[in-house]
Amino acid sequence: MLVDEGLAMIADTRTNAGVDNISSYRKLHVFKTPGERVLAVATAGNLSVTQTALSLVAEGVKLPDSTGPETLETAPTLFRAAQILGHALASVRASINTPPTPTADGLNVSASMLLGGQIAGGKMALYLIYGQGNFIECGPDTPYLQIGELKYGKPILDRALRPNTPLSEAVKLGLISFDSTIRSNIAVGPPFDLIVVPRDKIVGMERRIDSEDPYFRDLGRRWSEALAAAHRNMPDPTWLDLDLKPAPRNMTIVS
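Residues numbered from 1 in each chain as written. Predicted model: local features only at pLDDT ≥ 70, side-chain atom pairs only at ≥ 80, totals over all residues. Heavy atoms only, no water.

Enquirer: I keep staring at the environment of F178 and nothing clicks. Help me out?
Expert: Position of F178 relative to the elements: it lies in helix α4 (residues 167-182). Sequence separation between F178 and G220 is 42 residues, and the spatial gap between their C-alpha atoms is 9.5 Å. Among residues more than four places away in sequence, those in contact with F178 are I10, A11, D12, V188 and F192. (Helix = DSSP H or I, 4+ residues; strand = E, 2+ residues; numbered from the N terminus. Contact = heavy atoms within 4.5 Å.)

Enquirer: Mind showing me how you'd approach the pattern of salt bridges here?
Expert: Think of it this way: side chains of opposite charge can pair up when their charged atoms draw near. The final tally for this structure, using the stated rule, is 17 salt bridges. Residues K27 and D12 are paired through a salt bridge, measuring 3.0 Å at the closest nitrogen-oxygen approach. Taken as a pair, K27 in the loop between β4 (22-24) and β5 (28-33) and D12 in the loop between β2 (6-11) and β3 (14-16) lie far apart in primary sequence, 15 residues in all. On the basis of relative accessible area, D12 is assigned to the buried category, the value being 8%. Here R221 makes a salt bridge to D218, at a shortest N to O gap of 2.5 Å. Of this pair, R221 and D218 are both found in helix α5 (residues 214-233), 3 residues apart, which corresponds to roughly one turn of the helix. Classification of D218 by relative accessible area gives partly exposed; the value is 26%. (Salt bridge = Lys/Arg side-chain N within 4 Å of Asp/Glu carboxyl O. Buried < 20%, exposed > 50% of the residue type's maximum accessible area, 1.4 Å probe, protein only.)

Enquirer: Looking at this model, I keep getting lost on the sheet that holds strand β6 (residues 37-45). Mind explaining?
Expert: Where strands meet in a sheet, backbone hydrogen bonds hold them as pairs that are either parallel or antiparallel. If you trace the 5 strands from one edge of the open sheet to the other, you get β5-β6-β7-β8-β9, paired in antiparallel fashion. Each of the sheet's edge strands pairs with one partner strand only, and the pair in question is β5 and β9 (135-137). Adjacent strand axes in the sheet meet at a mean angle of 15 degrees when their direction is disregarded. Pairing geometry for strand β8 (residues 125-129) and β9, over 3 bridges, is antiparallel. Counted as the bridge partner of L128 is I136 from β9. Packing against the sheet, helix α1 (residues 47-59) makes contact with β5, β6 and β7 (111-119), and its axis sits at approximately 35 degrees to β7. Along the sheet face, helix α2 (residues 78-97) touches β6, β7, β8 and β9 and points at about 160 degrees away from the line of β7. (Pairing = 2+ DSSP bridges. Axes fitted to C-alpha atoms, helices over the stretch in contact; angles between N-to-C directions.)

Enquirer: Would you take a moment to explain α2 for this structure?
Expert: Given 3.6 residues per turn, any residue in an α-helix points the same way as the ones three and four places further on. In this model, α2 (20 residues) spans 29 Å end to end at C-alpha, consistent with the 28 Å of a helix rising 1.5 Å per residue. For α2, the full list of buried residues reads L78, R80, A81, A82, I84, L85, G86, A88, L89, V92, R93 and I96. (Expected span 1.5 Å × (residues − 1).)

Enquirer: Can you help me understand the sheet that holds strand β11 (residues 205-209) in this one?
Expert: Spatially, the 4 strands line up as an open sheet ordered β1-β2-β10-β11, and their pairing is antiparallel. The sheet is open, and its two edges are formed by β1 (2-3) and β11, each paired on a single side. Where strand β10 (residues 192-198) and β11 come together, 5 bridges link them in antiparallel fashion. Bridge pairing links L194 to R207 in β11. Most of the contacts of α4 go to β2, to which it runs at about 20 degrees, and overall it touches β1, β2, β10 and β11.

Laid out in structure tokens, this is it:
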């Protein structure tokens, strides 16, 4: 979520390779030099693809127009960092999909990443990087980007998140979005990793939120109660007539 006051990124840690093979891996990775840069990368999709891509980036990626390997620690701009990640992600997927690699058959190598943060002297930004290596930038019309499981938590952000939303409220909305998702999808679950980066401060606050976190539990309870109260306070349909007379015993009802 990218709002006027800054950036907030949240990722769960659950990986799902079937109902009997669920485990936890960190999906939010932070690269920071206080006062110089704060970058966060969230991953979704095939775990081996995203982990290998991040390992390539850590060693250094040579882009077609570069004179030597570049990393997220050396990228001069956030746009360049997105190019580095995109190149690494596309390279890993291509190497797996190229015959005669044995793993190419029947393996889902879909993967994507979010890159957000700020480098001193540059603007704060948030990018969605596709598996093919191309990417889009988050804009004010829709001040958030999502990867992974989208449908359950997206309506909350669509209805409530705006560019002028305070950063603290954006974090609250993000956690409500996750709370709604984990109630409907077993593939998403705590603990959650969170980073909050105030604009132009070049410093990030990180926190891990587990299922027993007092604030997260209270937030989920309050949200459920607020939804229940909201639908009770809404008027019933004026056209709905529940005072229906029973049909005579000798009458046959055809539907």
